[in-house]
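This is what each chain is made of:
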Amino acid sequence: MELTGNLILGNCCPRGGGNGFYADEPSQDCPLAPEFFAADAADVDRACQLAEQAFDAYRALPLSTRADFLTRIGENILALGECLIIRAMQETGLPRGRIEGERARTVGQLAMFAAVVRRGEFLQAIVEEALPERKPLPRPDLRQCHIPLGPVAVFGASNFPLAFSVAGGDSASALAAGCPIVVKAHPSHPGTSELVGRAIQQAAQQLALPEGVFSLLHGGGHEVGEQLVTHPLIQAVGFTGSRAGGLALLALAQRRTVPVPFYAEMSSINPQILLPAALANRSTELATRFVDSLTLGVGQFCTSPGLVLALEGKALTQFCQHLTATLAKAPAATMLSRGIWQAWRDKAAGLAAVDGVSLLAQGQPAQSANQGQASVLYTDGAHFLAEPRLSEEVFGPTSLVVGFDDDAQLQQAIRALEGQLTLTLHVDEADHPLAQTLLPTLERRAGRLLVNGFPTGVDVGYAMVHGGPFPATSDARSTSVGAGAIARFLRPVCYQDFPDALLPAALRQEAAIPVQRY
């Protein structure tokens, strides 16, 4: 399929009215054709107007049609075949296996949300039938269900060109909820975004859905995203990216005349807490698995283990020795873009320059442009507690090991942690009493708690939480992965004393979905 560099506005694919830009091929450090053209203010307004016009018609469609749409998107993405895989590899530097796996995850997410929609439980239908004889006052007939919020803006992520981008979790969950979407493609992989966008556009046309249920905008700078977040017709935003970018857009969403929900996944260092018995019994195994997790995807996962906390002693020394030997064998690899490589390089150098921090281990040096050389730094508990910069995310293959004097100092550090996507306890049975004392604090610090695992790899299912207290996300009550992600784009409405004919289908006497009755 030939790329055009154009936008997708409903059924049309016009050239954007803004400036032109190119994707880069990070492994070759060179631009990729074709030229893409950013949307201008008129294009953003047109996409939002189309989404608003499509909203009521789209949300009124049978749930089966909405589910068919999600399924058809997945089928169309698979039908893109090699052209999608090759373009994504070129634009991101990621290997074939990673891209193919991410494509499978993307299609799997769409299938999961199709199943969620067909069951209808996400509507949370509740019926309290009238009690006219109730004393002292009769009860009216009360019925509640959830309805979609309206048009949603979705921002593609840099590190997941498929699973967190145009047809990723934010898009799938918003469409499942009944919301048209306007997607801001990430400028690092606009070609991949166009291909997937055309698969969605094709699915909408194949099912004769309202024009405007999907649009795709390009933009190489900040203007398009800012215009999208502040557009009065956008009713919610899904974002995955940096803390700086997320906070800037969050401020815009909150300053609107009518503020809207802004769901941002932004920053996490995913601490690994090595408790004494586990470290003493499994230091070699833990070091090997840690290096595997840290270097997976060149450390460019939001769940990469950026911090290791443990007690000083012989076991930690053995862990560090094996970590050093293992990491020394890890080859450097191409990062997602030159910009991400530069940001990682500068952040890692800044962390290494902090007083009390030393270099513990390094991987093999870079052999070509934009490659990240893995590194692990070391500091003690006193320096860690005294310097907030040591708790900041370094997006890339860099982590920090901290050795503490005693349990009290370790617990003080855990209490001082920012909100995280994940927190991991590595424990043996002898560690259970200490782990039990830590759990209340850990529950308040993260959205997902692990035992004896590593957080890279987020299963897409019904119990998954990919969220957490600030700054991991802008709203700790939500998840951006899993079936629960649909709840972000819904709100409850109560219907009092409605005749059956006027009720939403989910609340009628012959409703075909599960209903809670009281």
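Residues numbered from 1 in each chain as written. Predicted model: local features only at pLDDT ≥ 70, side-chain atom pairs only at ≥ 80, totals over all residues. Heavy atoms only, no water.

S.K.: Would you mind going over a negative patch on the surface with me for this structure?
M.R.: Together, E312, D405, D406 and D407 make up a region of like negative charge exposed at the surface. For D405, the location among the structural elements is in the loop between strand 17 (398-404) and helix 13 (407-416). (Patch = residues over 30% accessible without salt bridge, like charges linked within 9 Å, V, L, I, M, F, W, Y side chains within 5 Å. Areas by Shrake-Rupley, 256 points an atom, 1.4 Å probe, with all protein chains shown as cover. Salt bridge = Lys/Arg side-chain N within 4 Å of Asp/Glu carboxyl O. Lys, Arg positive; Asp, Glu negative; His and termini not counted. Charge placed at Lys NZ, Arg CZ, Asp CG, Glu CD. Helix = DSSP H or I, 4+ residues; strand = E, 2+ residues; numbered from the N terminus.)

S.K.: How do you make sense of the sheet that holds strand 12 (residues 307-311) when you look at a structure like this?
M.R.: Note on sheets: strands pair through backbone hydrogen bonds, and any given pair is parallel or antiparallel. One open sheet holds the 7 strands; their spatial order is 14-16-17-12-11-18-19, and the pairing between them is mixed. Each having just a single partner strand, strand 14 (358-362) and strand 19 (446-451) make up the two edges of the open sheet. Pairs of neighbouring strands in the sheet enclose a mean axial angle of 20°, with direction left out of account. Note: strand 14 against strand 16 (residues 375-380), 4 bridges, orientation antiparallel. For A361, the partnering residue across the bridge sits in strand 16 and is V376. The sheet strands contacting helix 9 (residues 276-295) are strand 11 (272-274), strand 12, strand 16, strand 17 and strand 18 (420-426), and the helix crosses strand 12 at an angle near 165°. (Pairing = 2+ DSSP bridges. Axes fitted to C-alpha atoms, helices over the stretch in contact; angles between N-to-C directions. Contact = heavy atoms within 4.5 Å.)

S.K.: Which parts of the structure should I look at to understand the environment of G220?
M.R.: Secondary-structure assignment places G220 in the loop between strand 8 (214-217) and helix 7 (223-230). Each C-alpha atom, one on G220 and one on G20, is 8.1 Å from the other, the two residues being 200 residues apart in sequence.

S.K.: Where do I start with unusual backbone geometry in this structure?
M.R.: With the exception of glycine, most residues fall at negative phi, and the peptide bonds are largely trans. Along the chain, A33 connects to P34 via a cis peptide bond; the corresponding omega equals 5°. Secondary-structure assignment places P34 in strand 3 (residues 30-37). You will see that A208, though not glycine, has its phi angle at about 55°, which is positive. With respect to the element layout, A208 can be found in the loop between helix 6 (190-206) and strand 8. Overall, the relative accessible area of 68% leaves A208 in the exposed class. In this structure, D497 is a non-glycine residue whose phi angle is positive, near 55°. The residue D497 is located in the loop between strand 20 (490-496) and strand 21 (516-517) in this model. (Buried < 20%, exposed > 50% of the residue type's maximum accessible area, 1.4 Å probe, protein only.)

S.K.: What should I look at first to understand the UniProt feature "domain: Aldehyde dehydrogenase" (unreviewed entry) in the chain in this one?
M.R.: The positions UniProt marks with the feature "domain: Aldehyde dehydrogenase" (unreviewed entry) are residues 37-410. With 48% helix and 17% strand, residues 37-410 has end C-alpha atoms that lie 51 Å from one another. (UniProt positions renumbered as here; feature names shortened; annotations may be inferred.)

S.K.: What's the story with the nonpolar core in this structure? I'm lost.
M.R.: Nonpolar side chains in soluble globular proteins tend to be buried together. Membership of the largest hydrophobic core comes to 101 residues, with the highest contact counts inside it found for F69, I73, I77, F214, L275 and F384. With 8 residues, the top contributor of residues to this core is helix 4 (residues 96-119). Lining this core are residues from two domains, each supplying at least three of them: domain 1 (42-266 + 473-517) and domain 2 (271-451). Beyond its immediate chain neighbours, meaning those up to four positions away, F384 contacts L307, T379, L390, S391, L400, V402, F404, A413 and L417. Ranked by size, the runner-up nonpolar core spans 27 residues in total, among them L7, L50, F155 and V182. (Core = buried A, V, L, I, M, F, W, Y, C linked by side-chain atoms within 4.5 Å. Domains from an automatic or database assignment.)

S.K.: Explanation requested: the packing of aromatic side chains in the structure shown.
M.R.: Aromatic ring pairs are defined here through the distance separating the ring centres and the angle between the ring planes. Counted according to the given criterion, the structure contains 10 aromatic pairs. Where F290 meets F319, the ring centres are 6.3 Å apart and the plane angle is 50°; that geometry is what we call tilted. Here F290, found in helix 9, pairs with F319, found in helix 10 (residues 314-327); they are 29 residues apart in sequence, far enough to count as distant. Pair check on accessibility: F290 and F319 agree, each one buried. Measuring from centroid to centroid gives 6.3 Å for F384 and F404, while their planes differ by 85°, and the two rings are edge-to-face. Taken together, the residues F384 in helix 12 (residues 381-386) and F404 in strand 17 connect sequence positions 20 residues apart. Taking the relative accessible area as the measure of exposure, F404 reaches 0% and is therefore buried. (Phe/Tyr/Trp six-rings, centres within 6.5 Å; stacked < 30°, edge-to-face > 60°.)

S.K.: Honestly, the sheet that holds strand 20 in this entry has me stumped. Any pointers?
M.R.: Reading across the sheet, the 4 strands line up as 20-5-4-21 and stay open at both edges, with mixed pairing between neighbours. At either margin of the open sheet sits one strand with a lone partner, and together these are strand 20 and strand 21. Note that strand 5 (residues 142-148) and strand 20 share 7 bridges and pair antiparallel. Residue pairing across strands places H146 opposite P492, the latter belonging to strand 20.

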